[in-house]
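If you want the building blocks of each chain, they are given just below.
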Amino acid sequence: MLRIECPCCGLRDHDEFRYGGDASVTRPGYNDPDPDAWYRYVFVRPNPAGLHREFWQHVAGCREWLVVERDTRNHIIASVNFARKSLA
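Residues numbered from 1 in each chain as written. Predicted model: local features only at pLDDT ≥ 70, side-chain atom pairs only at ≥ 80, totals over all residues. Heavy atoms only, no water.

Trainee: What is the right way to look at the pairing of strand β4 (residues 51-57) in this model?
Mentor: Regular strands place their side chains on alternate faces of the sheet. Counting buried positions along β4 gives five out of seven residues, so the element sits mostly inside the fold. Where strand β3 (residues 18-22) and β4 come together, four bridges link them in antiparallel fashion. Paired with Gly21 across the strands is Phe55, a residue of β4. Where β4 lies against strand β5 (residues 65-71), seven bridges are found, and the strand directions are antiparallel. Opposite Phe55, over in β5, you have Val67 as the bridge partner. (Buried < 20%, exposed > 50% of the residue type's maximum accessible area, 1.4 Å probe, protein only. Helix = DSSP H or I, 4+ residues; strand = E, 2+ residues; numbered from the N terminus. Pairing = 2+ DSSP bridges.)

Structure follows, in structure tokens:
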């Protein structure tokens with residue numbers, strides 16, 4: 001079972017969290033008219049083997065959004081940070 005160390009609540013099972021998507025993807029600008037940029041943002045994603053940054057929300061706890069750096073090969077979590085600090 002995947003266990004995530006929430007900075008507010010401590011170590012919790014993954015079923016207390018909701019996966020929020022890839023945290024390494026940059027959204028195109030609001031007024032970006034390039035349909036290819038939007039197509040790549042929505043549909044084209046790499047499938048990395050190794051460390052990967054992901055958004056997770058602690059829905060059954062503090063409700064904070066987190067950025068979890070997880071190794072996709074063995075599910076070992078390298079780091080967990082508040083999303084608001086990672087995006088600032």
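Once the structure has been displayed, the description carries forward.
Trainee: Explanation requested: the pattern of salt bridges in the structure shown.
Mentor: The final tally for this structure, using the stated rule, is five salt bridges. The partner of Glu54 in a salt bridge is Arg70, and the shortest N-O contact between them spans 2.6 Å. In this pair, Glu54 sits in strand β4 while Arg70 sits in strand β5, placing the two residues 16 residues apart along the sequence. Note that Glu64 and Arg84 form a salt bridge whose closest N and O atoms lie 2.6 Å from each other. One end of the pair, Glu64, is in the loop between β4 and β5; the other, Arg84, is in helix α2 (residues 83-86), with 20 residues separating them in the sequence. (Salt bridge = Lys/Arg side-chain N within 4 Å of Asp/Glu carboxyl O.)

Trainee: Just to check I follow, could you spell out the sheet that holds β5 for this structure?
Mentor: Note: strands within a sheet are paired through backbone hydrogen bonds, in either parallel or antiparallel orientation. The four strands lie next to each other as β3-β4-β5-β6, forming an open sheet whose pairing is antiparallel. Bordering the open sheet on either side are β3 and β6 (77-82), each of which pairs with just one other strand. Averaged over all adjacent pairs, the angle separating strand axes in this sheet is 30°, with direction ignored. (Axes fitted to C-alpha atoms, helices over the stretch in contact; angles between N-to-C directions.)

Trainee: For this particular structure, what's the right way to read the pairing of strand β1 (residues 3-6)?
Mentor: The alternating pattern of β1 places Ile4 and Cys6 on a buried face and Arg3 and Glu5 on a face that is not buried. By the bridge criterion, four bridges tie β1 to strand β2 (residues 10-13) in an arrangement that is antiparallel. Paired with Ile4 across the strands is Arg12, a residue of β2. A loop of three residues connects β1 with β2, the two strands running antiparallel in sequence.

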